[in-house]
Protein chains: 2
Amino acid sequence: MMKQTHFPHNPELNRALLAVSDLMAARIKTKDGQLESALQKMATNGGKFLRPAFFWLFASLTGQPQPEQRDRLIKLATSIEVLHMATLIHDDIIDDSPERRGRISIQAEFGKDVAVYSGDYLFTIFFDLITTTTATTPFLTTNAQIMHRILSGELGQMADRFKQDQTFLSYLRNINGKTAALFSLAASEGAYFGGADQRTVALAKRIGQNVGIAFQILDDILDYSSGDQLNKPVLEDLATGVYSLPLLLAMQANSAAFKPLLDKGRLMSEADMQLVRQLVLENGGVEQARQLATAFTKKAKAEINQLPAGSSRRALTKLCQRLLKRSS
Amino acid sequence: MMKQTHFPHNPELNRALLAVSDLMAARIKTKDGQLESALQKMATNGGKFLRPAFFWLFASLTGQPQPEQRDRLIKLATSIEVLHMATLIHDDIIDDSPERRGRISIQAEFGKDVAVYSGDYLFTIFFDLITTTTATTPFLTTNAQIMHRILSGELGQMADRFKQDQTFLSYLRNINGKTAALFSLAASEGAYFGGADQRTVALAKRIGQNVGIAFQILDDILDYSSGDQLNKPVLEDLATGVYSLPLLLAMQANSAAFKPLLDKGRLMSEADMQLVRQLVLENGGVEQARQLATAFTKKAKAEINQLPAGSSRRALTKLCQRLLKRSS
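So, here's what we can say about the structure.

Parameters at a glance
- Residues numbered from 1 in each chain as written.
- Chains lettered and ligands numbered in written order.
- Predicted model: local features only at pLDDT ≥ 70, side-chain atom pairs only at ≥ 80, totals over all residues.
- Heavy atoms only, no water.
- 1 Å grid on protein atoms, 1.4 Å probe; cavity = no way out; pocket = protein on both sides within 12 Å on 5 of 7 lines; lining within 4 Å.
- Points joined across faces, edges and corners; volume = space filled by probe spheres on them.
- Nonpolar A, V, L, I, M, F, W, Y, C, P; charged D, E, K, R; others polar.
- Helix = DSSP H or I, 4+ residues; strand = E, 2+ residues; numbered from the N terminus.
- Expected span 1.5 Å × (residues − 1).
- Contact = heavy atoms within 4.5 Å.
- Least-squares fit on C-alpha atoms with pLDDT ≥ 70 in both.
- Salt bridge = Lys/Arg side-chain N within 4 Å of Asp/Glu carboxyl O.
- Buried < 20%, exposed > 50% of the residue type's maximum accessible area, 1.4 Å probe, protein only.
- Buried area = accessible area lost by both parts, 1.4 Å probe.
- Polar contact = N/O pair within 3.5 Å; in protein donor to acceptor, adjacent residues only side chain to side chain.

Regarding empty space enclosed by the protein
Over the atoms rolls a probe the size of a water molecule, and in doing so it shows where empty space is left. Scanning all chains against the criterion turns up six cavities of 30 Å³ or more. Within this model, the largest cavity holds a volume of roughly 100 Å³. A:Gln157, A:Gln166, A:Tyr171, A:Val242 and A:Tyr243 are the residues nearest the centre of the largest cavity, which is lined by 14 residues in total. By residue class, the composition of the lining of the largest cavity is four nonpolar, five polar and five charged. Taken as a whole, the second largest cavity spans an internal volume of roughly 90 Å³. B:Gln157, B:Gln166, B:Tyr171, B:Val242 and B:Tyr243 are the residues nearest the centre of the second largest cavity, which is lined by 14 residues in total. Of all elements in the fold, only α7 (168-193) and α8 (198-222) of chain B reach the threshold of two or more residues within the lining of the second largest cavity.

Things to note about helix α12 (residues 285-304) of chain B
If you check α12(B), its first and last C-alpha atoms are 29 Å apart, about what 20 residues at 1.5 Å a residue would give, namely 28 Å. Taken together, the buried residues of α12(B) touch α8, α10 (245-262), α11 (270-282) and α13 (311-323) of chain B.

Some details on the relation of the copies chain B and chain A
Overlaying chain B with chain A gives an RMSD of 0.0 Å, the required rotation being 180° about an axis along which the chain moves by 0.0 Å. Taken together, these values place the two copies in the relation of a two-fold axis. Ranked by how close their C-alpha atoms come to the rotation axis, the residues of chain B are headed by B:Ala135, at 2.8 Å.

Details of the pattern of salt bridges
Enumeration according to the criterion identifies 22 salt bridges over all chains in this entry. In this structure, A:Asp160 engages A:Lys163 in a salt bridge whose closest nitrogen and oxygen atoms are separated by 3.7 Å. The salt bridge partner of B:Asp263 is B:Lys259, with a shortest N-O separation of 2.7 Å. Residue classification places B:Lys259 among the partly exposed residues on the basis of a relative accessible area of 44%. Connected through shared salt-bridge partners, A:Lys31, B:Asp160 and B:Lys163 make up one network.

Re the interface of chain B and chain A
With 42 residues of chain B at the interface, the matching set in chain A holds 42 residues. Between chain B and chain A, roughly 3900 Å² of surface is buried when both sides are summed, and carbon and sulfur atoms account for 71% of that area. Among the residues of chain B in contact with chain A, B:Lys31, B:Tyr117 and B:Phe127 are the three that bury the most area, contributing 20% of the side total. Counting across the interface, chain B meets chain A through four salt bridges. Across the pair B:Arg161 and A:Asp113 runs a salt bridge whose closest N-O atoms are separated by 3.3 Å. On inspection of chain B and its partner chain A, the count reaches 16 residue pairs in polar contact (both at pLDDT 80 or more).

Observations regarding the environment of A:Lys31
Turning to its location among the elements, A:Lys31 is positioned in the loop between α1 (11-27) and α2 (33-46). You can call A:Lys31 partly exposed: its relative accessible area is 44%. Excluding anything up to four places from it in sequence, A:Lys31 contacts B:Gly156, B:Ala159, B:Asp160, B:Ser170 and B:Asn174. In this structure the side chain of A:Lys31 is engaged in a polar contact, spanning 2.6 Å, whose partner is the side chain of B:Ser170.

Below is the structure:
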């Protein structure tokens, strides 16, 4: 059961997210009692359910879903969160993250072995939810493509690790895959199965992409900005050689300053990394990255205003404000 | 390109496997040149292509596939090998295997990070191949279920690690999931898409299951038998706490002898493990396991004889003989 109510002013949305939470709990059944309970906890009261919420609001653009549509929509909303969870679990293996969603990560608690298979296991739940809901629709192929793009983005990011000459375009392509693709899927799939017209589905897809890119840039900014509003260890990306937008922008302004530090690669000390962070701030990397995030946010807002007017559009505007305010 | 010709007396089958190999090569495209080439190598000349061969023979039971069917059958045969490869790559992370198919494993060459995402990436290729071929057939759901069962088997095996009181049934359930499910899928999917009748598809499913279980038991026997016919490090399973059938059977005969050694868990030395192996042999564990494998093999053979007679049935009999002779 989901303990928190994330959208106190939207009882319809809350009810839907509760159903998503229940369905996840029902699907996660493993032979290992401890693992099952860790996955259950992660599924039911750790996450913010942003992506299913996003999906649901797009599905409700032209009014609350009909009862006979509800079951399928809940399954689809769940599939999106399950796919997200699977990738989180695998990401934590890569990052050796001790924490996830404020509690110990699956890999820290059960080891990388269990984490690998747990992520895979969630992929199978995703696959199952999709096949039973989208089989006769274009979204079966779309889901396969999106999963492919997420992994291509992850692999692209890995291929670019420790590369000082990577381009913005390469960075944007990678985050478009690893983050924006899923937001884009949530939005367009929601619109489609909620009964929106073709134009609105296409618009939803673009909104998801722009929101996703802004969201990831803001997440990457957190690595360099002060404070610890999130549970994410500061400079985690830098330690693993992932050079995100603030650094890439600052390097463009003054690559000579960064070179001696970045040339150390995996041997960078904590002090070196703090120095890099300082240099990123001094050279305007965070500021410029924030400007770019703002550009994507503005684009998304303008597009949201083209959606059918109503309570869902208003809720969507609010959700995006919340999503895209994380670090400002 | 596949370098080896595995079935010199069956040009049709060889041609099909070559097409499978080519399709895999075409689908595996990553931003990381080195990784791509490692995956390509693994895909194209490392494997024995047993599962696609199995699929193809079942698809040809009533004659060679029609040209217009061929494309779909090649995609399906490829999907099976891709799913197999994905699970192999993730298995190697768990086992910390330095080798796979006689060459260095993805995780040994690129690290566990790349291995996690490479396996996931192959899952997306699998997903894509399946959605474009089975969307309007019962095999879309079947594929989702099989993938689910494979992971349930892997997780079940992990949950049973270091458990001295696990049952044969639990062992059989786990290998049924992690190994036999895929053989069963290959057989029944082949029969279905090759145009066989319902009875034959059901028979194929049972044949695949029995062959798969026998295959896995024989594989597990290799851990305890002498020599190194395979590239698999001897006693690998034991070191990671996976108690397979020969050990379970020997423990039933003389659990007191094993207890002091197995109680050491992860602290067992190489010498301890050699002692366990000796005890397994002395207490008839290998012999009894081989008898059980023989029972499954006989069952499979009897069932194969119920298939439509012809060159594919003959080839299938030969393939199973080869499959199930690995350690005898």
